[in-house]
Amino acid sequence: MGRFYEEFEVGQRFETGRRTVIEPDIDAFAGLTADFNPVHMDEVFAAQNGFKGRITHGPMIVGMAFGLASRADVMDGTVLALLEIGWKFVKPVRPGDTIWAVFTVLDKRPSRTPDRGVVTLQIEVLNQHGAVAQTGSAKALIRRNAKVC
C-alpha cells in the first residue's frame, strides 16, 4: 500500500529500486503506442543520427518511474489521480541501461474534498552511472488516511 497524504512531508525523499531496460520493453511500448520512430526501432538509423544506437521512448521512462514509485510503496493504492506533470528529457536511455528514480516532496496542501490532498513531487530518473536521464515534477491527488480524517 502506498503512502497516505499525511505521511508526506515537504523535503522528504524517496528512492526507488532499480530496473534494467531491455529491448523487448521498447518493442512493447512501440506496439502499444504505434510509435515506430526509427530512433527507437532501427539500430543503424539511430547510430547514423547521433544516438549511438537505439534509444527508448521518453514517455516510456516516465511511466517506468511512476511504476518504480508504486513498487517502492510510495503511490500504489493511495494516489487517486495524476493532476499535472512537467518533464525534461536530459539524456537518452538505451537498452541495457539500469534506471531508478528519486522522488522529493516539494509541496502539499489539502484539497476541497476532505478525504484527499495534493502533493507536488520533484522526480529525477537516474541511470546506472548516477547521471540524470530525465527530470520532472508532478502533482498527485492522494487519499487521506481514514483513521486520521
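Higher on the page you've got the structure.
Since this is a predicted model, take the numbers as computed values, not measurements.

Enquirer: Before we go on, may I ask you to explain the nonpolar core in this structure?
Expert: Grouped together as the largest cluster of nonpolar side chains are 30 residues, with contacts concentrated most on Ile61, Phe66, Ile99 and Phe103. Looking at this core, the elements that each hand over two or more residues are α1 (23–33), α4 (58–71), β4 (98–110), β5 (116–126) and β6 (132–143). Top element by residues in this core is α4. It accounts for 8 residues. Setting aside its immediate chain neighbours within four residues, Ile61 contacts Val21, Thr56, Val93, Ile99, Val125 and Gln134.

Enquirer: In this structure, what is going on with the packing of aromatic side chains? I would like to understand it.
Expert: How two aromatic rings sit relative to each other is set out by the distance from centre to centre and by the angle between their planes. Taken as a whole and judged by the stated rule, the model has 3 aromatic pairs. Ring geometry for Phe66 and Trp87: centres 6.4 Å apart, planes at 40°, overall tilted. Linking Phe66 in helix α4 with Trp87 in strand β3 (residues 79–89), this pair joins segments that are 21 residues apart in sequence. Each of the two residues, Phe66 as well as Trp87, counts as buried. An aromatic cluster is built from Phe66, Trp87 and Phe103, whose rings are joined through pairwise contacts. Note that Arg18 overlies the ring of Trp100, its terminal NZ or CZ placed 4.5 Å from the centroid.

Enquirer: Honestly, α4 in this entry has me stumped. Any pointers?
Expert: Turn by turn, an α-helix covers 3.6 residues, leaving residues three or four places apart pointing in a common direction. Between the first and last C-alpha of α4 there are 20 Å, a value that for 14 residues agrees with the 20 Å anticipated at 1.5 Å per step. Taken together, the buried positions of α4 are Gly58, Met60, Ile61, Val62, Met64, Ala65, Phe66, Leu68 and Ala69. Tucked into the core, α4 has its buried residues touching β2 (19–20), α1, β3, β4, β5 and β6. Looking one or two residues past α4, Asp73 carries a phi angle of roughly 60°, positive in sign.

Enquirer: Got a minute to help me understand unusual backbone geometry in this structure?
Expert: In most cases, non-glycine residues show a negative phi, while peptide bonds are predominantly trans. Even without being a glycine, Lys52 presents a positive backbone phi close to 60°. The topology assignment puts Lys52 in the loop between α3 (43–48) and α4. The class of Lys52 is exposed, set by a relative accessible area of 71%. Not every positive phi belongs to a glycine, and Asp73 is a case in point at roughly 60°. By the element assignment, Asp73 lies in the loop between α4 and β3. On the basis of relative accessibility, which here comes to 40%, the residue Asp73 falls in the partly exposed class.

Enquirer: Where do I start with the environment of Phe89 in this structure?
Expert: Of note, Phe89 is situated in strand β3. With 86 residues separating them along the chain, Phe89 and Arg3 place their C-alpha atoms 27 Å apart. Beyond its immediate chain neighbours, meaning those up to four positions away, Phe89 contacts Gly58, Pro59, Val62, Ala133 and Gln134.

What counts, and where the lines are drawn
- Within each chain, residue numbers correspond to sequence positions counted from 1 in written order.
- Totals for whole chains, interfaces and linings use every residue, but because this is a predicted model, local features are given only for residues with pLDDT of at least 70 and side-chain atom pairs only at 80 or more, for both listing and counting.
- Side-chain descriptors were evaluated using all non-hydrogen atoms of the structure, hydrogens and water having been removed beforehand.
- Working definition of a nonpolar core: buried Ala, Val, Leu, Ile, Met, Phe, Trp, Tyr and Cys residues. They are joined through side-chain atoms within 4.5 Å.
- With a 1.4 Å probe rolled over the protein chains alone, any residue whose accessible area is under 20% of its type maximum counts as buried; one over 50% counts as exposed, and the rest are partly exposed.
- Runs of H or I in DSSP of at least four residues are treated as helices and runs of E of at least two as strands, each being numbered from the N terminus.
- Here a residue-residue contact requires only that any non-hydrogen atoms of the pair lie within 4.5 Å.
- What counts as a ring pair is set by centres within 6.5 Å for rings of Phe, Tyr and Trp (its six-membered ring), and what kind of pair is set by the plane angle: stacked under 30 degrees, edge-to-face over 60, tilted for all other angles.
- We call a charge positioned over a ring when the NZ of a Lys or the CZ of an Arg lies within 6 Å of the ring centre and within 35 degrees of the ring normal.
- The span you would expect from a helix comes to 1.5 Å times its residue count less one.

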